[in-house]
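Close look at the chain arrangement
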Amino acid sequence: MADVIGALNRKRVSLNGQKQQIRAEADRKIAEIDAELANVDRAIKTLNDAVKDYLCKTCGGEGTIRKPDAAGQMEDCQCPACNGTGVYPS
């Protein structure tokens, strides 16, 4: 009986070791992904800051605005200020 308990305890220790290795690897990969996400966020902010003066103020650069139709339902329409380009008319 002691051999069975000893074998089960060894198996338990082995499984816990595997679990710790998997958790450490997952934590490492998550840290890498978080760093890459931070880089993407910085790039997006840089681009937004660079183009903000050129975007249409009415539609925010989308080229479309939402307005109610005759039935009161909201619909997308071409922005009248930039004619759908999304670029500030100069």
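In this text, all values refer to a predicted model and were calculated from it rather than measured experimentally.

Tracing the chain through its elements places Ala-71 in the loop between strand S1 (64-68) and strand S2 (74-78). Residue class for Ala-71 comes out exposed when judged on its relative accessible area of 67%. With 36 residues separating them along the chain, Ala-71 and Ala-35 place their C-alpha atoms 48 Å apart.

A word on the pairing of S1. Judged from the 5 bridges that link them, S1 and S2 form a sheet pairing that is antiparallel. Its bridge partner lying in S2, Ile-65 is registered against Cys-77. In this structure, the hairpin formed by S1 and S2 is closed by a connection of 5 residues, where Gly-72 is found at a positive phi of approximately 90°.

The final tally for this structure, using the stated rule, is 5 salt bridges. One salt bridge in this structure joins Glu-25 and Lys-29, with 4.0 Å as the shortest N-O distance. Here the residue Glu-25 and the residue Lys-29 both occupy positions in helix H1 (residues 2-51), the gap between them amounting to 4 residues, near one helical turn. When the shortest N-O distance is used, the salt bridge between Arg-28 and Glu-32 registers 2.3 Å. Of the two residues, Arg-28 and Glu-32 both sit in helix H1, 4 residues apart, roughly one turn of that helix. For Glu-32, a relative accessible area of 46% gives the class partly exposed. Where salt bridges share partners, they join Glu-25, Arg-28, Lys-29 and Glu-32 into one cluster.

The rules behind these values
- Residues numbered from 1 in each chain as written.
- Predicted model: local features only at pLDDT ≥ 70, side-chain atom pairs only at ≥ 80, totals over all residues.
- Heavy atoms only, no water.
- Helix = DSSP H or I, 4+ residues; strand = E, 2+ residues; numbered from the N terminus.
- Buried < 20%, exposed > 50% of the residue type's maximum accessible area, 1.4 Å probe, protein only.
- Pairing = 2+ DSSP bridges.
- Salt bridge = Lys/Arg side-chain N within 4 Å of Asp/Glu carboxyl O.

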